[in-house]
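Structure assessment
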Amino acid sequence: MELYWNLVDIISPFEKACVTIGNFDGVHLGHQQLFAEVVSKAKETKGCSVVVTFDPHPLRVLRPDGILLISTIAQKIEQIGKAGIDHLVVIPFDRSFASTTAEQFVQEILLDTIGMTELVVGYDYAFGKGRSGDTAFLREQGRKRNFPVTVVEAFYKNEMLVSSTQIRKLVCEGRMIDARSLLGRPYQIRGVVQVGKKRGGSEIGYPTANLKVNEEDLVPRIGVYAVQVICEGVCYGGVLNIGYNPTFGDQKLVAETHIFDFNKDIYGKPIKLNLLKFLRDEKKFTGIPDLADQIGRDATEAKKVLSENKQDLLVSCSADLGVPE
């Protein structure tokens, strides 16, 4: 997949470009339906498939407190690349760009710059100043400017509408199994391992890899989870606590993961955590012995979750490691 970080990076319009536009936060199964349609139509016309998205997310600019994102731009690029798309165009979004009218976007960006000959959009997509570029507008533009428009209808899984809004709700409720069903993969958080209080190994007997959590981002339900840990090209099992360590009176939100069968120094190194199942709420213990006993029970439960889903989870790790399934 060719990646373009700005419209000026496109030297000449693409040949027979079948295009889809969207924010694609989470790159969930509904988005993947769109990408599959674009790829299919591009093959039919012997053209190319193009995805147009924005960074940062428009609502992060227009309403900074209005949205918590499922995925980072890096995660979004990775997942779109796995969909078989030929070209990904990431348009920098700011308040100046927000003033672009829907008509300008269609003519100057989609037609003149990208070379669009066909458009595929989701049923609820709208863009341009005042969100005037809805599906009715696009169909009318297609008739006037001679490009076909396909609107992909809503997609449901397990009787739930597959949408970024729904997935955010599930993550906040700790419903990781349902979130995974709509995403098509486990919900994942990433970060660089920080130096923590170093209580896990020396005091409690369960060393942890600590990640800083930004409370302005999408934070899963506070508590304990069974997780997969991807570190230095290897996939491990683990048990994660996202919370404030009430037993020790801490105030900062952290993600602490005890990685099974692991004994390496990974301070300063990136890890990925696939959140598989919510196990319990965070609680305050009377002391370290009680806390250590509970962590032992959590680890046993997490290992059970990993064992019961071993084959399915192997696919998740293989995909993240870039290993053929």
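Our subject is the structure listed above.
Described below are features of the structure shown in this document. Model, not experiment: these values are computed from the prediction. Residue positions are counted from 1 within each chain, in the order its sequence is given. Reporting in this predicted model follows two pLDDT cut-offs: at least 70 for local features of residues, and 80 or more for side-chain atom pairs to be given and counted; totals over whole chains, interfaces and linings ignore these cut-offs and use all residues. Heavy atoms from the whole structure form the basis of all side-chain values; hydrogens and water molecules are not counted.

1. Digging into the packing of helix α5 (residues 102-113) against helix α6 (residues 135-145)
- An axis is simply a line fitted to the C-alpha atoms; with a helix, the fit covers only the stretch in contact. Between two such axes, the angle follows the N-to-C directions and lies from 0 to 180 degrees. Only DSSP runs of H or I reaching four residues or more are called helices, and only runs of E reaching two or more are called strands; each is numbered from the N terminus. In contact at an axis separation of 11 Å, α5 and α6 are set at 55 degrees when each is read in the N-to-C sense. Taken together, the axes of α5 and α6 are oblique relative to one another. When you trace α5 past α6, the crossing you get is right-handed. On the side of α5, the interface is formed by Ala102, Glu103, Val106, Gln107 and Leu111, while α6 contributes Phe137, Leu138, Gln141 and Arg145.
- Classes in brief: Ala, Val, Leu, Ile, Met, Phe, Trp, Tyr, Cys and Pro nonpolar; Asp, Glu, Lys and Arg charged; the others, Gly included, polar. Looking at the contact of α5 with α6, its residues break down into five nonpolar, two polar and two charged. Relative orientations are named as follows: roughly parallel for angles under 35 degrees, roughly antiparallel for angles over 145 degrees, roughly perpendicular for angles from 65 to 115 degrees, and oblique for any other angle. Each crossing is labelled by how the near helix is turned from the far one, with a counterclockwise turn of less than a right angle marking it left-handed and a clockwise turn marking it right-handed. Working rule for contacts: check all heavy atoms of both residues, and any pair within 4.5 Å makes them a contact.

2. Brief notes about the sheet that holds strand β11 (residues 223-231)
- Taking strand neighbours across the sheet as the criterion, the six strands line up as β9-β14-β11-β12-β13-β10 in an open arrangement whose pairing is antiparallel. Lying at the two open borders of the sheet, with one neighbouring strand each, are β9 (187-192) and β10 (209-212). Between one strand and the next, the sheet's axes are offset by a mean angle of 35 degrees, whatever the strand orientation.
- Whether two strands pair comes down to DSSP finding at least two bridges between them. Pairing between β10 and strand β13 (residues 254-259): four bridges, direction antiparallel. In the sheet register, Leu211 faces β13, and the bridge partner there is Ala255.

3. Quick word on the layout of surface pockets
- Each pocket or cavity is described by its volume, and for the largest pocket that value is around 960 Å³.
- In terms of lining, the largest pocket is formed by 41 residues, of which the most central are Asn23, Asp124, Tyr125, Ala126 and Arg131.
- Elements supplying a minimum of two residues to the lining of the largest pocket: α1 (29-44), α2 (58-62), α4 (95-98) and α7 (164-172).
- Residue contributions to the lining of the largest pocket peak at four residues, all from α1.
- Tallied by class, the residues present in the lining of the largest pocket amount to 21 nonpolar, 14 polar and six charged. Using protein atoms alone on a 1 Å grid, points that fit a 1.4 Å probe yet trap it form a cavity, whereas open point sets bounded by protein on both sides within 12 Å along at least five of seven lines form a pocket; residues with an atom within 4 Å of a point count as lining. Grid points are joined across faces, edges and corners, and a volume is the space filled by probe spheres set on the points.

4. Let's talk about the environment of Glu103
- For Glu103, the position within the fold is in helix α5.
- In this structure Glu103 comes out as partly exposed when scored by relative accessible area, which is 40%.
- Separated by 46 residues in the primary sequence, Glu103 and Val149 place their C-alpha atoms 15 Å from one another. Buried residues are those whose accessible area, probed at 1.4 Å on protein chains only, stays under 20% of the maximum for their type, while exposed residues exceed 50% and partly exposed ones sit between those limits.

5. Here's the deal with the nonpolar core
- By size, the foremost hydrophobic cluster in this structure holds 35 residues, and its most contacted members are Tyr187, Ile242, Ile271 and Leu275.
- Dropping the residues within four chain positions of it, Ile271 is found in contact with Ile189, Arg190, Gly191, Val193, Ala209, Leu211, Val229, Ile230, Cys231 and Ile266.
- One finds Tyr4, Leu7, Val19 and Phe97 within the second-largest nonpolar core, a separate group that totals 34 residues. The term nonpolar core refers to a set of buried residues drawn from Ala, Val, Leu, Ile, Met, Phe, Trp, Tyr and Cys, joined through side-chain atoms within 4.5 Å.

6. Overview of helix α11 (residues 310-321)
- To estimate how far a helix should reach, multiply one less than its number of residues by 1.5 Å. End to end, α11 covers 16 Å across 12 residues, agreeing with the expected 16 Å (1.5 Å per residue, within 8%).
- Among the residues of α11, Leu313, Ser316, Cys317, Ser318 and Asp320 are the ones counted as buried.
- The inward-facing, buried residues of α11 contact α8 (176-183), β9, β11, β12 (234-243), β14 (270-280) and α10 (288-308).

Just geometry here; none of it tells us what the structure is for.
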